[in-house]
Amino acid sequence: MKITATAVALFLWALGSAFAVSPQDSCVTCHSALEGKQAEPARLFAADVHRQVGLGCADCHGGDPKDESMNAMSRAKGFRGAPKKAQVPEFCARCHADIAYMRRFNPKLRVDQLSQYLTSVHGKRLKQGDTKVAACVDCHGVHNMLPASDTRSPVHPTNVASTCARCHADAEHMKGYKTPTDQVARYLKSVHAEMLAQGDTAAPTCSTCHGNHGATPPGVTSVANVCGTCHVFFEQLFVKSPHQAAFARMGLPGCVECHSNHEIVKPADDWVGVGAKAVCVNCHAVGDKGYAAAQKMAGDLARLKTFLGRAEEILGTAERSGMGVSGPKVELTNAHEALVKARVNVHSFNEPEVRKLTEQGVDIAQKAYQAGVVALRERDVRRKGLGISLIFIVLAVSGLYLKIRQIESGSRT
Amino acid sequence: MATADPPQSAGFRPGRRWINLLLGSGVVASIASFIYPAIRYIIPPVVGESPSRSVVAAKVAELKRNTGKIFKFGSRPALLVRTADGEFKAYSAVCTHLNCTVQYREDLRQIWCACHNGLYDLEGRNVSGPPPRPLETFKVNVQGEDVVVTRSA
Amino acid sequence: MASLYRQILNWLDERFGAGAVEDFLRHKTVPIHRHTIWYYFGGMTLFLFVIQVLTGILLLLYYRPTPDDAFESVQHIMTQVRFGWLIRSVHSWSANLMIFTAFVHMFSVYFLKGYRKPRELTWITGMLLFFVLLGFGFSGYLLPWNTLAFFATKVGTEMAGAIPVLGKWLLVFLRGGEEVTGATLTRFFGFHVAVLPGLATVLLAMHLLLVQHLGMSVPPGVERATAEGRATARVMPFFPNFLLRDIIGWYVALGVLGALAAIFPWELGTKADLFAPAPAGIRPEWYFLFMFQTLKLLPARIFFLEGELVGLLGFSLAAAIWVVVPFLDYRAGFGRVTRFFTGLGIFALGFIVAMSFLALW
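Calculation rules
- Residues numbered from 1 in each chain as written.
- Chains lettered and ligands numbered in written order.
- Predicted model: local features only at pLDDT ≥ 70, side-chain atom pairs only at ≥ 80, totals over all residues.
- Heavy atoms only, no water.
- Patch = residues over 30% accessible without salt bridge, like charges linked within 9 Å, V, L, I, M, F, W, Y side chains within 5 Å.
- Areas by Shrake-Rupley, 256 points an atom, 1.4 Å probe, with all protein chains shown as cover.
- Salt bridge = Lys/Arg side-chain N within 4 Å of Asp/Glu carboxyl O.
- Helix = DSSP H or I, 4+ residues; strand = E, 2+ residues; numbered from the N terminus.
- Contact = heavy atoms within 4.5 Å.
- Polar contact = N/O pair within 3.5 Å; in protein donor to acceptor, adjacent residues only side chain to side chain.
- Pairing = 2+ DSSP bridges.
- Axes fitted to C-alpha atoms, helices over the stretch in contact; angles between N-to-C directions.
- Phe/Tyr/Trp six-rings, centres within 6.5 Å; stacked < 30°, edge-to-face > 60°.
- Lys NZ or Arg CZ within 6 Å of the ring centre and 35° of its normal.
- Parallel < 35°, antiparallel > 145°, perpendicular 65-115°, else oblique.
- Buried area = accessible area lost by both parts, 1.4 Å probe.
- Nonpolar A, V, L, I, M, F, W, Y, C, P; charged D, E, K, R; others polar.
- Buried < 20%, exposed > 50% of the residue type's maximum accessible area, 1.4 Å probe, protein only.
- Domains from an automatic or database assignment.
- Core = buried A, V, L, I, M, F, W, Y, C linked by side-chain atoms within 4.5 Å.

We now examine a nonpolar patch on the surface. Nonpolar side chains collect at one region of the surface, where I163, V165, L166, W169 and F173 of chain C lie side by side and expose about 560 Å² of accessible area between them. Tracing the backbone shows I163 of chain C in the loop between α7 (147-161) and α8 (167-175).

Structural data, given as structure tokens:
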């Protein structure tokens, strides 16, 4: 008896608390029953991150969800309705700029999005009354917002490019602005997009260089800094190189001059030098110092690659022949490393520096090659052993042959 | 057999003794040349055991705290680190970006690639710079004086 | 010298009748005719088998059959152990030559109707031996645990899985689980060094006893010519005349093996990675190529059956027919050559050669 009573009490309590967690929300009740555009927010909101942390319609739009009449959406009840485009940033910032409020949900989340946004090209133009630019919801979505870490979110690293492309690749939309519309298409051909597609979410997308809320194209002087945040060594070498001053004089941005801005493809060794694909000859011509240096640097790299290839080939042959060459192979990784470093040092545009590295590599590769020669020589000793054995075999076979002839000539008579 | 040679075989015809000598020495020498490698094969080589998946990377006393050491593991370089806490950790020393050899940076207390400034933490995770993947990590056991590094299966 | 030899022989004779063996050797003859050359291939296959046993035992001294160690231990044999490269290369090359000579032996016996009464059992034991050799080849291929072998084994065992009813069970039996793993390696090692050698020994003993008991078969054409007086039946003593010729062949085989091992060392490849995607150009050993290629060429569906299944059933049926051919071609026992069976043999040979070449193209 007592147990039953307890059970019933528990059940009622559980029922009650379930209702307490999701109280009847008149916004959802009514809007779900409506049609088309007016039903959409109620439907989408179920998966929204704001819903997940326990917020409801009224927390943004105001009004009284407990009131079941149309009175719920009266000014008296604090109803704010849907914001106009120009008001969207402030509408979101009501909470998102309030550190005390945000801390209740996610203390790690930043609260400077609005102030950043106001510095962005988007923000400035919106202030000037241009409603074609992006505000919060244009990138983050409305009513079905997800955290950026969610792969379904339009602002997840893997989706950012296509989100930006929605406007920036749309020639119709971008009519009247000076920006081109092929950036995303070109970005998608870049090594950065390739890495991102391979699952390296640290690889840069649009917002990595342009900023997200404070989205602005980097200026001529800051390009090297932007690239240098990841490509540290290249920036360090570049700023010390003669190109730094020369580029600044001519008003040229640094890195992108050779590597392009959006279509940043994997660089190849034939970019250095004076050949058909070389970027040096874009500025340098026969006779100037840079031209000679470029030619020499290309020669340095080619020389190391030749020696490296030779060593790799001979060690490969030796290894496949079953010779132990793991030692020289480990050594050879240093020559490979010298090549990688030399490629970095090309950005010092200081040919002796590059040559120092390539010659180090050549030395190592030479030694590895010699080890390969020794290994192959040892392999050839095997052939000598084979030769000796073959001589004995020939002796034995000719002995056998003569023996057979002898036996058979005897038996036949 | 004192029979005369048949007329059709008028060519080279050595005597029975010569044939037996040729045959005997040929057979003995050739068999010796087959047996010799086999016997040499049976005698175990200097490196008695195949290296398989573990190697003695260093002696315990060899490595001070907060230092690293590159050692050869198979035909690739590997990195043994003794952390500031005195713990041993081992990784493949081949950077996941462009295969340069990484090193332990005492000042950063991280693993660093000199080629493009790639950084890995002491769990081998790529934390900064271009490396797209973490370093492969190995198991470390201390057996007496030896630090033994084992490739996990 | 001679008397000591006599004495030993007498001593043995009193104990188990060694004299009979000597007697037998003295009286054993080999017929001489224009097809005598084909008699050598059986002995050659046997010789290469002996080489396999010897080098196999040597390899066992250092080989370790676990997925962690297999590749490394073969590498160790090839690089650290003195003459290890030779032993391993000879083992690999000899295996391939052996399968080749076995093929030649089988087809020569087939075309010369060597299987006809009373040699049906010799043929059947020979065929079983041939299947055992293929089993040796298939299981041994995996043991170095390199990428190619790993994926070839995966594909090969998958085919066994396509067999109806028993397939699934057979696949699990072969792989030692659902997938090709270390368990498969252990199993294949067991097959390769214990199960198959046992089977081979028994079958080989039967095969050789039957050959000795029945003597060499003379092709019907030669028999007829002799009976009609168009030719005289000539023979040569097995010992020493034929045996010495055999030995010359064996020496040549040894020379060829040594040369192949020294000039074209058997490659080791790269260690198998269970999680790596299959590399391009996976193909089995050459003697399985014709089956591999046929299965590849078959359409995905034939009537209501899966193409691969049809292919496998076809091969099983063909193998079964091939094994019992002495009973199907019983007329050969009366000295009558049936065109149909000669044609069948030519078709089989042509098919195997053509498909193998197509695969290599």
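Moving on from the model shown.
For the rest of this paragraph, the subject is the interface of chain C and chain A. Between chain C and chain A, the residue contacts involve 20 residues of the former and 18 residues of the latter. Across the contact surface, chain C and chain A share 1 salt bridge. Taking the shortest distance from any N to any O, the salt bridge between R245 of chain C and E408 of chain A comes out at 2.7 Å. Linking chain C to chain A there are 2 residue pairs in polar contact (both at pLDDT 80 or more). Listing elements by their share of the side of chain C that touches chain A, those giving two or more residues are α4 (70-79) and α11 (238-263) of chain C.

With that settled, consider the sheet that holds strand β10 (residues 146-150) of chain B. All names here are of chain B. The 6 strands lie next to each other as β1-β10-β9-β4-β3-β2, forming an open sheet whose pairing is antiparallel. Every interior strand has two partners, whereas the edge strands, β1 (54-59) and β2 (67-73), have only one. For this sheet, the mean inter-axis angle between neighbouring strands, taken without regard to orientation, is 30°. Of the pairings in the sheet, the one linking strand β3 (residues 76-82) to strand β4 (residues 88-92) comprises 5 bridges and is antiparallel in character. Pairing of R82 across the sheet is with F88, part of β4.

Turning next to the packing of aromatic side chains. Evaluation of the coordinates by the stated rule reveals 42 aromatic pairs over all chains. One cation-aromatic arrangement involves R310 of chain A over Y369 of chain A; the distance from NZ or CZ to the ring centre is 4.0 Å. Above the face of the W11 of chain C ring, R15 of chain C is positioned so that its terminal group lies 4.0 Å from the ring centre.

Our next topic: the packing of helix α16 (residues 232-240) of chain A against helix α17 (residues 242-250) of chain A. All names here are of chain A. Here α16 crosses α17 at 70°, and the two axes come no closer than 4 Å. By the criterion of interaxial angle, the relationship of α16 to α17 is roughly perpendicular. From α16, F238, V239 and K240 reach across to α17, where they touch P242, H243, Q244 and F247.

Taken together, the contact pairs 33 residues of chain A with 35 residues of chain B. Taken over both partners, the interface formed by chain A and chain B buries close to 2800 Å², and the fraction arising from carbon and sulfur atoms is 67%. Counting across the interface, chain A meets chain B through 0 salt bridges. Connecting chain A to chain B are 5 residue pairs in polar contact (both at pLDDT 80 or more). Elements with a minimum of two residues in the side of chain A that touches chain B: α16, α20 (326-345) and α21 (351-412) of chain A. At 15 residues, α21 of chain A tops the list of elements feeding residues into the side of chain A that touches chain B. When its residues are assigned to classes, the side of chain A that touches chain B shows 13 nonpolar, 12 polar and 8 charged.

This part takes up the environment of G214 of chain A. All names here are of chain A. For G214, the position within the fold is in the loop between α14 (206-210) and α15 (223-228). Through-space distance from the C-alpha of G214 to that of I99 is 19 Å; in sequence the pair is 115 residues apart. Sequence-distant contacts of G214, that is, excluding residues within four places in its chain, are made with Q116, T119 and S120.

What follows deals with the pattern of salt bridges. Counting across every chain of the model gives 31 salt bridges over all chains. The closest approach of N and O atoms between E353 of chain A and K356 of chain A, which form a salt bridge, is 3.6 Å. Placement of both E353 of chain A and K356 of chain A in helix α21 is noted, with a separation of 3 residues, approximately one turn of the helix. Note on K356 of chain A: relative accessible area 52%, which makes it exposed. A salt bridge links R175 of chain C to E158 of chain C, with the shortest nitrogen-to-oxygen separation between them at 3.1 Å.

To continue, consider the side chain of T153 of chain C. Residues and elements named next belong to chain C. Tracing the backbone shows T153 in helix α7. For T153, a relative accessible area of 0% translates into the label buried. Here the side chain of T153 touches A149 through a polar contact of 2.7 Å, landing on its backbone oxygen. With residues near it in sequence (within four places) discarded, T153 still touches F138, L142, V180 and F188.

Here we take up the domain arrangement of chain C. Splitting chain C by domain gives domain 1 (1-26) and domain 2 (33-278). A straight line from the C-alpha centre of domain 1 of chain C to that of domain 2 of chain C covers 34 Å.

Attention shifts here to the nonpolar core. One finds Y41 of chain B together with Y63, F103, M106, W123, W145 and W322 of chain C to be the most contacted residues of the largest nonpolar core, which totals 84 residues. No other element matches helix α5 (residues 84-111) of chain C, which puts 11 residues into this core. Ignoring sequence-local partners within four residues, the contact set of W123 of chain C consists of M106, V109, Y110, Y115, W322, V323, V325 and P326 of chain C. Judged by nonpolar contacts, the second largest core, of 26 residues, contains M297, L304, I314 and A368 of chain A.

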